[in-house]
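Inside the fold
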Amino acid sequence: MELGLVGLGKMGGNMRERIRRAGHTVIGYDRNPDLADVHSLRELVDSLQAPRVVWVMVPAGAATQSTVDELAELLSPGDIVVDGGNSRWTDDEKHAAELEAKGIGFVDCGVSGGVWGLENGYALMYGGDEKNVAAVQPVFDALKPEGDFGAVHAGKVGAGHFAKMVHNGIEYAMMQAYAEGWELLEKVDSVTDVREVFRSWQEGTVIRSWLLDLAVNALDEDEHLDQLKGFAQDSGEGRWTVEAAIDNAVPLPAITASLFARFASRQDDSPQMKMIAALRNQFGGHAVEKK
Ligand SMILES: O=C(CO)[C@H](O)[C@H](O)COP(=O)(O)O
C-alpha cells in the first residue's frame, strides 16, 4: 500500500525504511529538506492516491496539533490520519473529533522500539474503529516484530496511547530498579566486578530483560558510567501515568518514585534536604553541613 509519513527523525526515518523493506510505498515529509521526499504537507497529500493514510510521527503536543490541523484542511473524506508519536491519550479524542468533522478517520498508535526498531521491529499499541485499523493493518504488519506478539488493537481511540503511556511508566520503574541495584553494588567493597554481575544476570535470572541487556551495553562502553552526569530528563509519559493513577485512585508507588527520582537528579543541592537538616538541628541540635 501507499503511506504518507510526516516526521523522519530517529523514529520516523527508520520506520520509513522498514515499511519500504516490506514492499510498500512510503512518501515522507520532514521540515528538514535533506530527509524529505516531498517538501510540504500539501505536496505529500497530492502525491498519495485516495483514500490516503498519513502517519504522523512528530513530537507530542504543539507539533502534533499543528500537523493534525493542517491535515484536517488538506485531506478528503475517507482518508485516515495515524498519530504514532508519544501523544497524551487525552489529545486523541480531540484529534479524532476534529478530523471526523471532515469525514477523516483517526487511529492513535503507541510505538516502542527506539533506534533498534529498524532491525528488530516496533511494538505497536493502537486504538480506533475496526474499519480504520483494518485500513492501516498492512503498515502495522510491516512495522511489528516478527512472531506472534508485538502488536495489539488495544481498544477505542486513545487506548493505544494509554497503553504506551503505561508501558513507559513501567519502563521508568524498571530502569530505576536496575539503577538502584547498580549503585548499591558499586558502593560495597566486597563486590569487585559489578559489570560482570550485571552480565551474569542476562541468562537464567528472574530479572533478565532487554533493559538489562542495554545496561550491560552501557557498562561495556563506560564501566562505571564515569563519563555521564547523574541527570535524567523526562518527556511526559511518566507524569501522565502518575496523573492517570491519581484520577483513577490506583496506587503506583514504584512508578511515581521513579519519576520523582528523575526530578531529584536535576538538583545540584536539594532545597528540601536543607529544610530537613535545619529542622533536625532545631529540634535535636544535630550537626548541619554548611556551604
Ligand atoms: O517511548 C520511548 C521508549 O519506550 C521513548 O524513548 C520515550 O520518549 C522515553 O521517555 P522519557 O524521555 O520520558 O524517558
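The protein chain is annotated in an unreviewed UniProt entry as Decarboxylating 6-phosphogluconate dehydrogenase from Streptomyces polychromogenes.

Neighbouring the ligand are the residues Asn86, Ser112, Lys164, His167, Asn168, Glu171, Tyr172, Asp234, Ser235 and Arg262. At 3.0 Å, a side-chain N or O of Asn168 approaches an oxygen atom of the ligand. One of the side-chain N or O atoms of Glu171 is found 2.7 Å from an oxygen atom in the ligand. The protein chains hide 69% of the 380 Å² of surface that the ligand would expose on its own. When residues in the shell around the ligand are grouped by element, the largest group, five residues, is from helix H7 (residues 159-187). For the shell around the ligand, the residue count by class is one nonpolar, five polar and four charged.

With that out of the way, let us pick up the nonpolar core. Ranked by internal contacts, the top residues of the largest apolar core, which has 24 residues, are Trp55, Val136 and Phe140. When residues of this core are traced back to their parent elements, those giving at least two are strand E1 (2-6), helix H1 (10-21), strand E3 (53-56), strand E4 (80-83), strand E5 (105-112), strand E6 (123-127) and helix H6 (130-143). It is H6 that contributes the most residues to this core, six residues altogether. Within the second largest apolar cluster, 22 residues are counted, among which are Val38, Val45, Val81 and Ala96.

Cut-off values and rules
- Residues numbered from 1 in each chain as written.
- Predicted model: local features only at pLDDT ≥ 70, side-chain atom pairs only at ≥ 80, totals over all residues.
- Heavy atoms only, no water.
- Near = heavy atom within 4 Å.
- Polar contact = N/O pair within 3.5 Å; in protein donor to acceptor, adjacent residues only side chain to side chain.
- Areas by Shrake-Rupley, 256 points an atom, 1.4 Å probe, with all protein chains shown as cover.
- Helix = DSSP H or I, 4+ residues; strand = E, 2+ residues; numbered from the N terminus.
- Nonpolar A, V, L, I, M, F, W, Y, C, P; charged D, E, K, R; others polar.
- Core = buried A, V, L, I, M, F, W, Y, C linked by side-chain atoms within 4.5 Å.
- Buried < 20%, exposed > 50% of the residue type's maximum accessible area, 1.4 Å probe, protein only.

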